[in-house]
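# Geometric and topological summary
One-letter residues, chain by chain:
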Amino acid sequence: MDKDTLWKKIKRMNELSTLPEVYTKIVGLIDDPKTSAATLASVISRDQVLTAKLLRIANSPFYRSSPEKITSITFAVAILGFNATKNLVLSASLFDLFHDFEEGFKDTVRGVWEHSIACAVGSRIIAQYTRYKQPEEMFVTGLLHDIGKIVELQFMPEKFREIVKLANDTGMLIGEAEEEILGYTHSYVGKLLGRHWGLSPQIVDSIELHHTPETANEFKKQVFIVHIADVLSHSLDLGGKDDKIPLLNIAAWESLELKTDTIEALLQEFKREWKDAVAFLFPTK
Amino acid sequence: MGLVELSLVNPGMVLAKSVYSHSGVILLKDGRTLGEKDLLLLEAWGVTEVDIQGTDGTQGKEQVLSEILSEEELSALDAKLDKKFSKQQENEVIIELKKVIRKIKIEEIVERKKQKNG
Ligand SMILES: [Fe+2]
Ligand SMILES: [Fe+2]
């Protein structure tokens, strides 16, 4: 599939439409300076299913939006602020996408999501280690970083299978095999989807540049955090079956001022929280 | 420093000597402040005594450890790790990362074996 066709398909796609519906409505409100906290809270609260979901996630140990227990949407909006509420809604909408997939590709899709949950948890932990001001923004960014793979799986599942096979057979990374077979990578596909969804520019950049952090420009810190979280997820084998770790960009590591002697504590925490998150999001496992 | 029987070691004590397995795998590094979990792991590895900083005791020879992982298991693990890290440049971070991952993988194998046996 060439790039033009891909973009046209992304614009027309409705398979992943769960996301824009809830999300765009709420984001529209949040981005409108006239919206008050009370209005936002009352609009969300009207949707009971969404409300229950948001509270469950906000209070889950792996999301850790706040040290206090969040008992209502009004309280959530007040304590978290608009931006964090937006990220919470985005996470919840993404979690909805986890389950509906065709037979035959369930395991692969599940693998991608489990890996994405790892990158989300890892990004949040690194955000905290590096005192990034919005850890929950990094959570959702990590969750989205490989969304391009999900799109590829939807649009061209057989090609995706070929890509994985080529990578396994030749020792290439997934991105290298994608270049070979498609002429572009999941980072590019993810960027297109992110734009189509109207995600914030730091999230779109992090999706696009998570394998090439050296090209980051405006949102270096976010891109670097996701890049490092991705590398660490692969090294711990958290989700998906991939026997190679993408190249760690040492400049990204150094720029975040992460200390080598904290790797062990960080990884132990990472592994624990990932297990909790997967158990929470895929309760059957 | 001196050898202390494992049952007398408390969390917070500091290792004076690294603890190795038969095959020379480093299980815990010297200078490490032992936590609850380390003690459980040492027990799982069959360690009976460790060298603790700041204690008087007999200066024993290098600790003999009962083997939990077989040579084959270890070399299979190392081959897998080499492949995993094949795309990486050699630097301080990668060396430490590989070391930590190796330790975590060993813990996981030990954990699995304990579950199977117990
Ligand atoms: Fe990726
Ligand atoms: Fe990834």
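First, a word on what this report is: a plain description of the structure on this page.

What counts, and at which threshold
- Residues numbered from 1 in each chain as written.
- Chains lettered and ligands numbered in written order.
- Predicted model: local features only at pLDDT ≥ 70, side-chain atom pairs only at ≥ 80, totals over all residues.
- Heavy atoms only, no water.
- Contact = heavy atoms within 4.5 Å.
- Buried area = accessible area lost by both parts, 1.4 Å probe.
- Salt bridge = Lys/Arg side-chain N within 4 Å of Asp/Glu carboxyl O.
- Polar contact = N/O pair within 3.5 Å; in protein donor to acceptor, adjacent residues only side chain to side chain.
- Helix = DSSP H or I, 4+ residues; strand = E, 2+ residues; numbered from the N terminus.
- Expected span 1.5 Å × (residues − 1).
- Buried < 20%, exposed > 50% of the residue type's maximum accessible area, 1.4 Å probe, protein only.
- Patch = residues over 30% accessible without salt bridge, like charges linked within 9 Å, V, L, I, M, F, W, Y side chains within 5 Å.
- Areas by Shrake-Rupley, 256 points an atom, 1.4 Å probe, with all protein chains shown as cover.
- Lys, Arg positive; Asp, Glu negative; His and termini not counted.
- Charge placed at Lys NZ, Arg CZ, Asp CG, Glu CD.
- Donors = N, O, S within 2.8 Å, 3.2 Å for Na, K, Ca; no water.

### Observations regarding the interface of chain B and chain A
Taken together, the contacts link 22 residues of chain B with 24 residues of chain A. For the pair chain B and chain A, the two sides together bury roughly 2100 Å², of which 58% comes from carbon and sulfur. The three residues of chain B that bury the most area against chain A are B:K84, B:K87 and B:V93, which together make up 32% of that side's buried surface. Our enumeration of links across chain B and chain A arrives at six salt bridges. Among the salt bridges present, the one from B:R32 reaches A:E264, with a minimum N-O distance of 3.8 Å. Inspection of the chain B/chain A interface yields 13 residue pairs in polar contact (both at pLDDT 80 or more). Considering each element in turn, the side of chain B that touches chain A owes the most residues, twelve residues, to helix α3 (residues 92-117) of chain B.

### Focus on the side chain of B:K84
Mapped onto the elements, B:K84 comes out in helix α2 (residues 71-84). A polar side-chain atom of B:K84 sits 2.8 Å from the main-chain carbonyl oxygen of A:H234.

### Side note on helix α11 (residues 186-197) of chain A
Residue and element names in this part refer to chain A. Taking 1.5 Å per residue as the helical rise, α11 with its twelve residues ought to reach 16 Å, and the 16 Å between its terminal C-alpha atoms agrees with that figure. Across the twelve residues of α11, nine count as buried, placing the element largely inside the fold. Within the span of α11, buried status applies to H186, S187, V189, G190, K191, L192, L193, G194 and W197. Of the residues trailing α11, G198 is marked for its positive phi of about 70 degrees.

### A few points about a positive patch on the surface
On the surface, A:R131, A:K133, A:K221 and A:K259 cluster together to form a positively charged patch. On the secondary structure map, A:K221 appears in helix α13 (residues 220-236).

### Side note on the coordination of the iron ion (ligand 1)
In ideal tetrahedral geometry, four donors around a metal make angles of 109.5 degrees, whereas ideal octahedral geometry with six donors gives angles of 90 or 180 degrees. Residues and elements named next belong to chain A. Only D146 (OD), H186 (NE2), H210 (NE2) and H211 (NE2) from the protein coordinate the iron ion (ligand 1), and they sit 2.1 to 2.2 Å from it. Coordination of the iron ion (ligand 1) draws on donor residues from a single chain, spaced D-x39-H-x23-H-H in sequence. The distance between the iron ion (ligand 1) and the iron ion (ligand 2) comes to 3.4 Å, and D146 binds to both of them. Remark: H210 occurs in the loop between α12 (201-209) and α13 and H186 occurs in helix α11; sequence separation between them is 24 residues. Residue classification places H186 among the buried residues on the basis of a relative accessible area of 1%.

### Considering the side chain of A:E136
Secondary-structure assignment places A:E136 in helix α7 (residues 135-144). Not counting residues within four places of it along the chain, the set of residues in contact with A:E136 comprises A:Y63, A:A84 and A:N87.

### Remarks on the environment of B:E43
Residue and element names in this part refer to chain B. In this fold, E43 is placed in helix α1 (residues 36-44). Among the residues examined, E43 registers a relative accessible area of 55% and is labelled exposed. Note: C-alpha distance between E43 and L6 (37 residues apart in sequence) is 7.7 Å.

### Some words on the coordination of the iron ion (ligand 2)
All names here are of chain A. Protein-derived coordination of the iron ion (ligand 2) comes from H115 (NE2), H145 (NE2), D146 (OD) and D230 (OD), at a distance range of 2.2 to 2.3 Å. Between the donor residues of the iron ion (ligand 2), the gaps in sequence give the motif H-x29-H-D-x83-D. Assessed through its relative accessible area of 2%, D230 is described here as buried.

### Description of the pattern of salt bridges
Counted under the stated rule, the structure contains 20 salt bridges over all chains. Note that A:D31 is salt-bridged to A:K86, the shortest N-O span being 3.4 Å. A residue pair is termed long-range when its members are at least 10 positions apart, and A:D31 in helix α2 (residues 18-31) and A:K86 in helix α5 (residues 73-96) qualify at 55 residues. Put simply, A:R110 and A:E114 hold a salt bridge, and the shortest N to O gap is 2.8 Å. Here the residue A:R110 and the residue A:E114 both occupy positions in helix α6 (residues 106-129), the gap between them amounting to four residues, near one helical turn. Taking relative accessible area as the criterion, A:E114 reaches 6% and is therefore assigned buried. Shared partners join several salt bridges into a network, and the residues in it are A:E264, B:R32, B:K37, B:D38, B:K103 and B:E107.

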